[in-house]
Amino acid sequence: MVDTPEDDATEPTRTRSTNPPPAQRRHRPREETRALLLAAAANLAIERTRPTASSPHNPLADIRMADVLVEVNRRNPDGRKLTTGAFYQIWSDQAAFQLELMRHVMDKIATPGARQIEALAFGLVADGEAPEEIFRQISEADFRWTSASPELYLALGLGALAPVDMVRDAQAGANERYVDETDHLLSVLLRYARRRLRPDRSMEDLIWAVEALSVGYLLRSRTHPDIPERTDRNGWSAQASAYLGVIHAFSEPLPGDAEASEATS
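Chemist: Which parts of the structure should I look at to understand helix α5 (residues 114-126)?
Modeler: Over its 13 residues, α5 extends 18 Å from the first C-alpha to the last, a length consistent with the 18 Å expected when each residue adds 1.5 Å. Just beyond α5, the residue with positive phi is Gly-128, at close to 75°.

As structure tokens, this is what we get:
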């Protein structure tokens, strides 16, 4: 008797593949692509601007010599045209130009309105105004004059993004002048207010605290100009109140005045 094969035995043997079926490529939605690109760009910018980056990004590198020459010649259409030759007679290369440009910007914002602020303060002292009122007026005047400086926000951006060594070098002279002039003004006003620096604080501590306060409010005022200008019931702006608070935090009444104040309280 011959065995009859079953139906499926008559079909040819099929070799089964051991590889998984190819995955279907998923179409990435537009917004997902957008978010991916933005995240990658942000990470790249962060990495390039870290102080430890192998090649820190220099925002001034985007200012090309050719563009500067075009701008100079545009502003002087009837004058003699400057060429790249004139440029290289002054600076050896683009890097030397960029460093001097940064120094120029930092110098422009070192002490904006310093002479006017000093004249205002000494005039108020001569008039016998209360020390708190003098601090209020000079802080608000300094804020107005500083925010009106067209180079200010450029300098802040360069300070945040340019290579650290380049910023430190460019700011050296400007910082020294700023500290010297502000030291003189605040020393006079503290004596007039019968106050002195706290034993564990220096004049530099006070000066840079005031500068940090001013820079913070200036940056905030770009998008919310009302925030530093908000006034209390006595007409003091938020910025002026904070300024006086810094003065009081870094200084104290002279010993005789402190004892007299405690005796009457």
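Alright, that's what it looks like, and here's the rest.
Chemist: Help me understand the layout of surface pockets in this model?
Modeler: The gaps of empty space that remain are located by a probe, the size of a water molecule, rolled over the atoms. Taken as a whole, the second largest pocket spans an internal volume of roughly 160 Å³. Lining the second largest pocket, in full, are Glu-140, Phe-143, Arg-144, Ser-147, Ser-221, Pro-225, Pro-228, Glu-229, Ser-237 and Gln-239. Where the lining of the second largest pocket is concerned, the elements lending two or more residues are α6 (131-147) and α10 (226-229). With four residues, the single largest contributor to the lining of the second largest pocket is α6.

Chemist: Explain the packing of helix α4 (residues 94-108) against helix α7 (residues 152-161) to me, please; I cannot follow it from the model alone.
Modeler: The packing of two helices is summarised by the inter-axis angle and the distance between the axes. At a minimum axis separation of 9 Å, α4 and α7 run at an interaxial angle of 130°. Our classification of the angle between α4 and α7 gives oblique. In this structure, α4 crosses over α7, and the sense of that crossing is left-handed. Touching Met-102, Val-105 and Met-106 of α4 are Leu-154, Ala-155, Leu-158 and Gly-159, all from α7.

Chemist: Any chance you could explain the nonpolar core here in plain terms?
Modeler: Nonpolar side chains tend to gather and get buried jointly when the protein is soluble and globular. Core analysis: the largest hydrophobic core is formed by 43 residues, its most contacted members being Met-102, Phe-135, Ile-138, Leu-186, Leu-206 and Tyr-243. Those elements that provide at least two residues to this core are α4, α5, α6, α7, α8 (164-192), α9 (203-223) and α11 (238-250). Dropping the residues within four chain positions of it, Ile-138 is found in contact with Ile-117, Leu-120, Ala-121, Leu-185, Leu-189 and Tyr-243. Residues Leu-69, Phe-87, Trp-91 and Phe-97 belong to the second largest nonpolar core, which totals five residues.

Chemist: Is there a simple way to think about unusual backbone geometry in this case?
Modeler: Glycine aside, residues mostly have negative phi, and peptide bonds are mostly found in the trans state. For Arg-194, which is not glycine, the phi torsion reads 55° and is therefore positive. Along the polypeptide, Arg-194 turns up in the loop between α8 and β1 (195-197).

Chemist: Help me out: how do you make sense of the pattern of salt bridges in this one?
Modeler: Working definition: two side chains of opposite charge can pair if their charged atoms are close together. Summed over the entire model, instances satisfying the criterion amount to 10 salt bridges. For Asp-165, the salt bridge is made with Arg-168, and the minimal N-O distance between the two is 3.0 Å. Of this pair, Asp-165 and Arg-168 are both found in helix α8, three residues apart, which corresponds to roughly one turn of the helix. Accessibility expressed as a relative area gives 59% for Asp-165, which makes it exposed. The exposed category is assigned to Arg-168, whose relative accessible area is 53%.

Chemist: Would you take a moment to explain the packing of aromatic side chains for this structure?
Modeler: To describe a pair of aromatic rings, one takes the distance between the centres and the angle between the planes. By the definition in use, this model includes six aromatic pairs. Taking the centre distance of 6.4 Å and the plane angle of 45° together, the rings of Phe-135 and Tyr-243 count as tilted. Residue Phe-135 is found in helix α6, and its partner Tyr-243 is found in helix α11; the two are separated by 108 residues along the sequence. No difference in accessibility class separates Phe-135 from Tyr-243, as the two residues are buried. Through a chain of ring-to-ring contacts, three or more aromatic side chains come together here, namely Phe-87, Tyr-88, Trp-91 and Phe-97. Directly above the ring of Tyr-153 sits Arg-222, whose terminal nitrogen or CZ lies 5.0 Å from the centroid.

The rules behind each value
Residues numbered from 1 in each chain as written. Predicted model: local features only at pLDDT ≥ 70, side-chain atom pairs only at ≥ 80, totals over all residues. Heavy atoms only, no water. Helix = DSSP H or I, 4+ residues; strand = E, 2+ residues; numbered from the N terminus. Expected span 1.5 Å × (residues − 1). 1 Å grid on protein atoms, 1.4 Å probe; cavity = no way out; pocket = protein on both sides within 12 Å on 5 of 7 lines; lining within 4 Å. Points joined across faces, edges and corners; volume = space filled by probe spheres on them. Axes fitted to C-alpha atoms, helices over the stretch in contact; angles between N-to-C directions. Parallel < 35°, antiparallel > 145°, perpendicular 65-115°, else oblique. Left-handed = near helix turned anticlockwise from the far one by under 90°. Contact = heavy atoms within 4.5 Å. Core = buried A, V, L, I, M, F, W, Y, C linked by side-chain atoms within 4.5 Å. Buried < 20%, exposed > 50% of the residue type's maximum accessible area, 1.4 Å probe, protein only. Salt bridge = Lys/Arg side-chain N within 4 Å of Asp/Glu carboxyl O. Phe/Tyr/Trp six-rings, centres within 6.5 Å; stacked < 30°, edge-to-face > 60°. Lys NZ or Arg CZ within 6 Å of the ring centre and 35° of its normal.

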